[in-house]
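Coordinate inspection notes
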Amino acid sequence: MIPARGGAIDMFGKLLSNFRSTILLSLVLAGVMIYAFGSVAPGGFDLIFWQAVFRWTHVFAGILWIGLLWYFNFVQIRVAPSIPDELKPAIGKHIAPEALFWFRWSALATVLAGLALAFSRGHAYAVEVLSFGMVQGLTEDQKGFTLMGIGVWLAIIMFLNVWGVIWPNQKRALGIVAVEADAKARAARTAMLASRINMLLSLPMLTSMAMYQTLFG
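Residue positions are counted from 1 within each chain, in the order its sequence is given. Side-chain atom pairs in this predicted model are given and counted only at pLDDT of 80 or more, local residue features only at pLDDT of at least 70, and totals for whole chains, interfaces and linings cover all residues. Remark: hydrogens and water are excluded; side-chain values derive from all non-hydrogen atoms of the structure.

1. Considering the side chain of N198
Within the fold, N198 resides in helix α7 (residues 181–215). The class for N198 is buried, based on a relative accessible area of 0%. Within polar-contact distance, the side chain of N198 engages the backbone oxygen of M158 at 3.1 Å. Excluding anything up to four places from it in sequence, N198 contacts L69, M158, N161, V162 and I166. Secondary structure elements follow DSSP: runs of H or I no shorter than four residues count as helices, runs of E no shorter than two count as strands, and numbering proceeds from the N terminus. Exposure is judged per residue with a 1.4 Å probe applied to protein chains only, and the accessible area is read against the type maximum: over 50% gives exposed, under 20% gives buried, and values in between give partly exposed. Throughout this description, a polar contact denotes any pair of N or O atoms lying within 3.5 Å of each other; where both atoms belong to protein, one of them has to be capable of donating a hydrogen while the other can accept it, and for residues adjacent in sequence the pair is counted only when both atoms sit in side chains. In what follows, residue pairs with any heavy atoms lying within 4.5 Å of each other are defined as contacts.

In structure tokens:
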């Protein structure tokens, strides 16, 4: 029994040592849970179920996106000046490009899943949110849409900032796109400031999403 247990531990250790295997297994387990929820939900695999799937995707991608945004701002940007010069290429050539890959694509997935969730709740609901509740004249019962709409548009602005400002400038700063030294330095500062803007907007955006979902559903 002991050798068998040790073999199982070794096999599990090898699985966890491989990122791809770990994330694929996690997704499979999540898929089983999602199917189980659909199986026991009052409406089965109806539109409400797909709203839940869109929300799950939105939250998963959003955690990855904002988590990386905070990693850049809480850790990498702050610590980078104190890293010895001989070690800095490891960040620019290996860590940052990989982080930026997941950063920009998770931003896209977050926004698309969020919009899919909004429209799955009905065209009227999505329009009310995107128009800050002004479609029906911003009556008292529409003001929740105003606050939710602020969060949605902050997320869209942050997404556009990722793809339109941060990523193009990071490509220059990291040498993915060849530019002169002065342009490279300017691009690095522009990318940093754009990232700080997204960090600034991230907490108001999350507040809008979380408070609306709790108070208005």
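Back to the text.
2. Focus on unusual backbone geometry
Of note in this structure, F132 is not a glycine but carries a positive phi near 60°. The topology assignment puts F132 in the loop between α5 (123–130) and α6 (143–173). Residue F132 is classed as partly exposed on the basis of its relative accessible area, which comes to 27%.

3. Details of the packing of aromatic side chains
What counts as a ring pair is set by centres within 6.5 Å for rings of Phe, Tyr and Trp (its six-membered ring), and what kind of pair is set by the plane angle: stacked under 30 degrees, edge-to-face over 60, tilted for all other angles. Under the counting rule described, the total for this entry stands at 13 aromatic pairs. When the ring of F145 is compared with that of Y212, the centres are 6.4 Å apart and the planes differ by 35°; the resulting orientation is tilted. Residue F145 is found in helix α6, and its partner Y212 is found in helix α7; the two are separated by 67 residues along the sequence. In this structure, F145 and Y212 share a single accessibility class: buried. An aromatic cluster is present here, built from Y35, F45, F49 and W50 joined pairwise through their rings. Note on criteria: charge over ring means Lys NZ or Arg CZ within 6 Å of the ring centre, with the direction from the centre no more than 35 degrees off the ring normal. A cation over an aromatic ring shows up here: R104 above the ring of W167, its NZ or CZ 3.8 Å from the ring centre. Lying across the ring of Y125, R121 places its NZ or CZ 4.3 Å from the centre.

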